[in-house]
Each structure stands twice: as C-alpha cells, then as structure tokens.
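Reading the structure
Residues per chain, in single letters:
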Amino acid sequence: MVAAAALALTACDSNTTREIRVVGSSTVYPFTTAVAETFVNQGGGRRAPVVESIGTGGGLARFCEGVGWEFPDIANASRRIKKSEYDLCEKNGVGEIMEVQIGVDGVALAEANKGPKLQLSKKDVYLALAASPYGKPNRARTWRDVNPALPAIPIQVMGPPSTSGTRDALVELVIEPGCAEADPEAKVLKAAKDTAPYDARCKRIRDDGPYIDKGENDNLIVQGLAQNPNAIGVFGYSYLEENIDRLHGVPIEGVAPTYETIANRTYPGARPLFLYVKKRHLRAVPGLADFLTLYTTMWGPDGKLTRRGLIAAPDDVRKHSAEIVAQRLALDPAGLH
C-alpha cells in the first residue's frame, strides 16, 4: 500500500500542469468557486481549478480513494468528516489531512413569499419527515396531522439526497433533537449497545413521498418552491440569501434563519463548513498552497465570501484555521465520531 501511494504521488509530482481539483458539498461549492475565480484572475497563467458539486458524502468518498494526480486535492464539506471516512482515507494511503473551517452556515428551511408562513418546532419537523416516528411507519400527510395548530396542507419538503452534508445536518440538528423531545424512548434507545433501532426511529428520513429528493443542485429546490408555494425547501443559508426577493426562511423554535441568528448560533440549524486537504498534494500540485492562503483572505466579515452568503466564523476560529493553513497542521482523528 505504501509503495503504491508513493508511485501515485510521484505521478502527481511529475504532472506539473495539473489544475487544482475540488469535490464535495453543494453548500460550500459557491464559496470555493468564488475563490477559484479570484485565484485565476490574479494572473500568472494559472489553470482554473475544477470544482465539482457532488455532496459532502460523495466528495469525501472520492477524496479518500487515494493519493496522486487522479484523485482530488480538496473536499468541500458541510459537516465534519466521519471517523469511518477518515479510516477509508487512511486505508487508501492518503496520509495526513488538514481540516480547515472556512465559516458558518445554516441548514435553512424556506418557502416562497406567497407560501403559508409556517412556523415549526423541531418536533414538528421530526414528526413530518422521520420514516418511523415512535417506531411506527409515518402516516402523516398534512402539517395538521403533525400538529393541530398547523394548516391542513400537504407535507412537501424538497431537499438534498442522502450523500449531502446538508441532509446529514438537517438530521443531526433538527430531526434528531425533535425525536428526543417527542419520543420518551429515544434516550434509552440511543444509549443501547445496538443503535440500529434508535437510528431507524430518530435519524432515517421517510422515502414515501413527502420528502422529495431534488439532487445536489440546490437551485432546483429554489425553482421548485417558485412552482409550488405550499412546499418547503431545505438548503444552505446562502441560497436563501441569494433568493431573498422571492423566498423567506421558516422559523424553527421561533427563530428564523438570518446572518445574525446563524452567526450567534441561536438558530437551531447553524453548522460549521470545512475544507479537507491532502498534505501530500500541497507539495505536488502547483498553486494549491497559494489557493488555500487566498481562501484565508476572503472569509472574514468584510471578505468577498460574505457577499456570496458565507457567514464569517468567530475571530478565534478564523485565526486557528489560518494557522492550520500557514503551518500545514494535520487533523488529529481522536475526536472524530
């Protein structure tokens, strides 16, 4: 394995004209694309980085396939890397990885401005979207079935696929806490040695129609909301901000997704955004280190990325991330789950 990785890296070293390659999260995609545009516009004959939006899970899977010119240099991620994903990287000889938090985002629930102006709790979202609330198949078809105070309109939630970090964050930050609030058995199930019953009850999203998988292109969700004002969309906050003239955020627990509520973490769906970088590729891929340094100059409160919808991380987080880039500090996997 070590020999194979060394050969792969040699191939990467010898291919001095290769462009930077990035895969992963659709939420982080517009920010990395903005940095890529600035990177090219700085001149010097730089090749345009190739940035693909295939979801956090799909991006990390490809990122961890190996080291060398045919593999991505960076993975965009709208959640933290999992221990199982890190183990795959290790198994495939990827070597040390840098974890760089680029900012903060919110998993925004949104509806068209002509929509019903829903206000939801985490429990409402759980009862509407979980495959097996209370351990039984979900039969709810309207929001009133979930909560008698809500309107009798069909539950239609357009969101990303299972490979998406946004969907993972929706489960972790909204649906799972809603399960804990609604189901008195959830705590016991979560503590059990076999977590499969808990996962089935509290983490699995229904696939019988009310949740509509719209793929990794979040703009399709925005278009879908324009066509169906009674539907709800799920995407990163930047897509809501970009379309604020025709969409508005759905409050969760009385808190709407805004720059301020996400930055101060009062909005329940707030989450960090990351880049994962192969340290060995920093030596082999021309311009990769400069690209990361450029990123650090654009993610501040007055930086270009905040004008694209990124929410700046707190000062101490930005300082630490810049140190990781400057000193090429590797991720310690001890804290991964």
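Residues numbered from 1 in each chain as written. Predicted model: local features only at pLDDT ≥ 70, side-chain atom pairs only at ≥ 80, totals over all residues. Heavy atoms only, no water.

**Section: the nonpolar core**
We count it as follows: Buried Ala, Val, Leu, Ile, Met, Phe, Trp, Tyr and Cys residues form a nonpolar core when they are joined through side-chain atoms within 4.5 Å. Exposed residues in this analysis have more than 50% of their type's maximum accessible area, buried residues have under 20%, and partly exposed residues fall in between, with area computed by a 1.4 Å probe over protein chains only. Under the scheme used here, helices are H or I runs from DSSP no shorter than 4 residues and strands are E runs no shorter than 2 residues, and both carry numbers assigned from the N terminus. In what follows, residue pairs with any heavy atoms lying within 4.5 Å of each other are defined as contacts.
Formed by 53 residues in total, the largest nonpolar core has its most connected members in L109, L120, L129, W143, L170 and F235. A total of eight residues in this core trace back to one element, the largest contributor, which is helix 7 (residues 165-182). When neighbours within four sequence positions are excluded, F235 is seen to be in contact with G106, V107, A108, A110, T166, D218, I221, V222, L225, L240 and L247. Of all hydrophobic cores here, the second largest spans 29 residues; its members include I20, V28, I102 and V325.

**Some remarks on the state of the cysteines**
Put simply, the test is: For this text, the term disulfide refers to a pair of cysteine sulfurs within 2.5 Å.
Summed over the entire model, instances satisfying the criterion amount to two disulfides. Paired by a disulfide, C64 and C89 hold their sulfur atoms 1.9 Å apart. Across the S-S bond linking C64 and C89, the dihedral sits near -75°, which makes this disulfide left-handed. Highlighted residues: C64 in the loop between helix 3 (56-63) and strand 3 (74-77) and C89 in helix 4 (residues 83-91), separated in sequence by 25 residues. Shown here is the disulfide that connects C179 with C202, its sulfur atoms set 1.9 Å apart. In this pair, C179 is assigned in helix 7 and C202 in helix 9 (residues 196-202), connecting sequence segments 23 residues apart. There is no split in this pair, since C179 and C202 are both buried.

**A look at the packing of aromatic side chains**
Condition: Centres within 6.5 Å make a pair out of two Phe, Tyr or Trp rings, where for Trp the six-membered ring is used; the pair is then stacked when the planes are under 30 degrees apart, edge-to-face when over 60, and tilted otherwise. Note on geometry: a ring has a charge over it if NZ (lysine) or CZ (arginine) is within 6 Å of the ring centre and within 35 degrees of the ring normal.
Per the stated rule, a full pass over the model turns up five aromatic pairs. Consider the rings of F39 and F291, whose centres lie 5.6 Å apart with planes at 85°: the pair is edge-to-face. Taken as a pair, F39 in helix 2 (residues 29-41) and F291 in helix 14 (residues 288-298) lie far apart in primary sequence, 252 residues in all. F39 sits in the buried class, given a relative accessible area of 3%. By relative accessible area, which is 0% here, F291 ends up buried. Between the aromatic rings of F291 and Y295, the centroid separation amounts to 6.1 Å while the plane-to-plane angle is 85°, which identifies the pairing as edge-to-face. With a gap of four residues between them, F291 and Y295 both fall in helix 14, about one helical turn apart. Here the aromatic cluster, defined as three or more aromatic residues joined through ring pairs, consists of F39, F291, Y295 and W299. Above the plane of the ring of F63 lies K278, whose end atom (NZ or CZ) is 4.7 Å from the centre.

**Some points on helix 2**
The cut-off we apply is this: Here the expected length of a helix is defined as 1.5 Å per residue gap, with one fewer gap than residues.
Given a rise of 1.5 Å per residue, 13 residues ought to cover 18 Å, and the 18 Å separating the end C-alpha atoms of helix 2 matches this to within 8%. Those residues of helix 2 that sit buried are P30, F31, T32, T33, A34, V35, A36, T38 and F39. The positive-phi residue at the C-terminal boundary of helix 2 is G43, with phi of around 85°.

**Topic: the pairing of strand 3**
Quick reminder of the rule: One bridge is not enough; two strands pair if DSSP finds at least two bridges between them.
Of the two faces of strand 3, both are covered, the one formed by I74 and N76 as well as the one formed by A75 and A77. Relative to strand 3, strand 1 (residues 21-24) runs parallel, the two being bridged by three bridges. Across the sheet, residue V22 finds its bridge partner in strand 3, namely I74.

**Here we look at the confidence of the model for the protein**
Note the following rule: How sure the predictor is of each residue is captured by pLDDT, a score from 0 to 100.
Per-residue pLDDT for the protein has a mean of 94; in total, 95% of the residues score no lower than 70. In this model, residues 1-8 is a region of pLDDT below 50 whose contacts with residues beyond four sequence positions or in other chains number 10 contacts. Taken together, the stretch residues 10-15 has pLDDT below 50 and engages in nine contacts with residues farther than four places along the chain or on a different chain.

**Here's the deal with unusual backbone geometry**
Non-glycine residue K117 carries a positive phi angle of around 60°. Relative to the helices and strands, K117 resides in the loop between strand 4 (97-112) and helix 5 (122-129). In this structure, Y134 is a non-glycine residue whose phi angle is positive, near 60°. Residue position: Y134 is located in the loop between helix 5 and helix 6 (143-146). Taking the relative accessible area as the measure of exposure, Y134 reaches 37% and is therefore partly exposed.

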